[in-house]
Amino acid sequence: MRRRSRRTAASLAGAALMLGGAATGSAKASDPARAVHEALIVLDTHFDTPANLGRPGWSIMDRHATVTDGDQVDYPRMVDGGVDGGFFAIYTPSGPRTPEGDWAARDFGIQRAVQIREMVAKHSDVFRLALTADDAAKAVAAHKRFVFLSMENGYPFEGDLTLMRTFRALGVTMMSPVHFKNNDLADSATDTPEWHGLSPKGKQFIAEANRLGVVIDVSHASDEVLRQAVALSKAPIILSHSGMRAIHDHPRNVSDADAKLVAANGGVIQINAYSAYMVAAPPPDPARDAAMKALMGGFMRMDSMSVADKRALMAQRKAFEARYPAPRATFEMFMAHLLHAIRLVGIDHVGVSGDFDGGGGIDGLDDITDYPKVTAALLEAGYTPADVGKVWGGNALRVLRQAQALADPVAVPKIPVTN
């Protein structure tokens, strides 16, 4: 297993040359960019990989293949990609805004959190649960991958905000209020405005997140939600997986003006690699749309699919793409978003998330093994190893540290740790 240590900004440039022969994986003496990558703490702020944890026969310890399995994150590829860890998302699909719907979402969210913790406990020789920013470095020092818990969509706690403390007790350190559809907390970026930002309960969500030391994530939220969250939150906020609207005009991407607001408050924009937010959708086609709807119905049942069933579904997807070809975003497009964000708000306010296992993946950046290419591209663009370290995790960990520093110590529950 590769051995690493944290390095000061001043020594990272030297490490680029010295580590080439010592690091494992793809790092070689002739590849100083890879050596820099290996020297950094590399994290992704939004893995949808927990959706795989309940699938029969699926293990994060197995090497999967994106082209046949559709899976983009597993332990072997974390090693290959020089990825030290990240935020593993408890994603809850939107559903009925009824007491029954809220109860079902609550139970789903708790079950997913338990699955993530069970994964860490079962493989504690290579994974470590992370609860604070410092835990990331501790995991790296112990030669383990760190696992933060996050929540995508506030549906599991929208009916009862005291459940935020329950999820905090399970180890959740980042929460977003909303996903594709409006809910009782906030408007979505991809739905018709209902609250014109946060609902009254959504404003309580902001205050409770601050009290619990939880990072507020406004990816998927409307522009009005973002602005209100910046105004109301005592701590910096984050966009855990978004793009730049100036590069591609899509409501899921952030405008330059709003990105500056986030940065002015100390927050971070994590640039994602989701093709639909980077290239224009093909024109309407009734036959294509019907086939897509049927295909997506299969993906909605993915949580319970065996590995063989998922491979069959991926084969159907490839046949669909062959019959209805559509433009796909490229690595160069991703870098355009990333570099624009850095130039706009500064190196201290930008990060990376592929949105992997949740629809992310573009030509040249199709799974986590491609992440060293981002490091190489940033170095080629003139950024220092220390700069790249901020993008790959330093900025997101700073936001987490600031949010937790502002928490009410009496409010934060004690969290049991098994490794």
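Residues numbered from 1 in each chain as written. Predicted model: local features only at pLDDT ≥ 70, side-chain atom pairs only at ≥ 80, totals over all residues. Heavy atoms only, no water.

1. Describing the overall build of the protein
And then number 1: Of regular secondary structure, the protein possesses 15 helices and 9 strands.
And then number 2: Compactness check: the protein gives a C-alpha radius of gyration of 20 Å against a globular reference of 22 Å for 419 residues, within 12% of the reference.
And then number 3: For the C-alpha atoms alone, the extent of the protein along its principal axes is close to 60 × 55 × 45 Å.
And then number 4: Across the 419 residues in the protein, those meeting the buried criterion constitute 57%. (Helix = DSSP H or I, 4+ residues; strand = E, 2+ residues; numbered from the N terminus. Rg over C-alpha atoms; globule rule 2.2 N^0.38 Å. Buried < 20%, exposed > 50% of the residue type's maximum accessible area, 1.4 Å probe, protein only.)

2. Thoughts on the packing of helix H8 (residues 200–212) against helix H9 (residues 223–232)
And then number 1: Taken N-terminus to C-terminus, the directions of H8 and H9 make an angle of 45 degrees; their axes are 10 Å apart at the nearest point. In this view, H8 runs oblique relative to H9, as classed from their interaxial angle. Considering only the axes of H8 and H9, their crossing is right-handed. Across the interface between the two elements, Lys-203, Ile-206 and Asn-210 from H8 touch Gln-228, Ala-229 and Leu-232 from H9.
And then number 2: Its residues assigned to classes, the contact of H8 with H9 comprises 3 nonpolar, 2 polar and 1 charged. (Axes fitted to C-alpha atoms, helices over the stretch in contact; angles between N-to-C directions. Parallel < 35°, antiparallel > 145°, perpendicular 65-115°, else oblique. Left-handed = near helix turned anticlockwise from the far one by under 90°. Contact = heavy atoms within 4.5 Å. Nonpolar A, V, L, I, M, F, W, Y, C, P; charged D, E, K, R; others polar.)

3. Here's the deal with the nonpolar core
And then number 1: Phe-157, Phe-334, Leu-338, Val-374 and Leu-378 are the most contacted members of the largest nonpolar core, which totals 86 residues.
And then number 2: No other element matches the 8 residues that helix H13 (residues 331–345) contributes to this core.
And then number 3: Setting aside anything within four residues of it in sequence, one finds Phe-334 in contact with Ile-271, Asn-272, Ala-273, Met-278, Val-352, Ile-362, Leu-365 and Val-374.
And then number 4: By size, the runner-up hydrophobic cluster in this structure holds 21 residues, among which are Ile-41, Phe-148, Val-268 and Leu-400. (Core = buried A, V, L, I, M, F, W, Y, C linked by side-chain atoms within 4.5 Å.)

4. Concerning unusual backbone geometry
And then number 1: Within the chain, His-143 stands out as a residue other than glycine whose phi angle is a positive 60 degrees.
And then number 2: When you line up the elements, His-143 lands in the loop between helix H6 (133–141) and strand E4 (145–152).
And then number 3: Residue His-143 is classed as partly exposed on the basis of its relative accessible area of 21%.
And then number 4: You will see that His-220, though not glycine, has its phi angle at about 80 degrees, which is positive.
And then number 5: Taking the relative accessible area as the measure of exposure, His-220 reaches 4% and is therefore buried.

5. Focus: the sheet that holds strand E9 (residues 350–352)
And then number 1: Pairing is parallel across the open sheet formed by 3 strands, whose spatial order is E7-E8-E9. Two strands bound the open sheet, and with one partner strand each, they are strand E7 (238–242) and E9. Neighbour-to-neighbour, the strand axes of this sheet turn through a mean angle of 20 degrees, independent of strand direction.
And then number 2: Judged from the 3 bridges that link them, E7 and strand E8 (residues 268–271) form a sheet pairing that is parallel. (Pairing = 2+ DSSP bridges.)

6. Here's the deal with the packing of helix H11 (residues 286–299) against helix H12 (residues 307–323)
And then number 1: Contact geometry for H11 and H12: axes closest at 10 Å, N-to-C directions at 165 degrees. Between H11 and H12, the angle is such that the two are roughly antiparallel. In the crossing of H11 with H12, the sense of the turn from one axis to the other is left-handed. Contacts between H11 and H12 involve Arg-288, Ala-291, Met-292, Leu-295, Gly-298 and Phe-299 on the former and, on the latter, Lys-310, Leu-313, Met-314, Gln-316, Arg-317 and Phe-320.
And then number 2: Looking at side-chain class alone, the contact of H11 with H12 contains 7 nonpolar, 2 polar and 3 charged residues.

Honestly, that's just the spatial picture; any functional story needs more than this.
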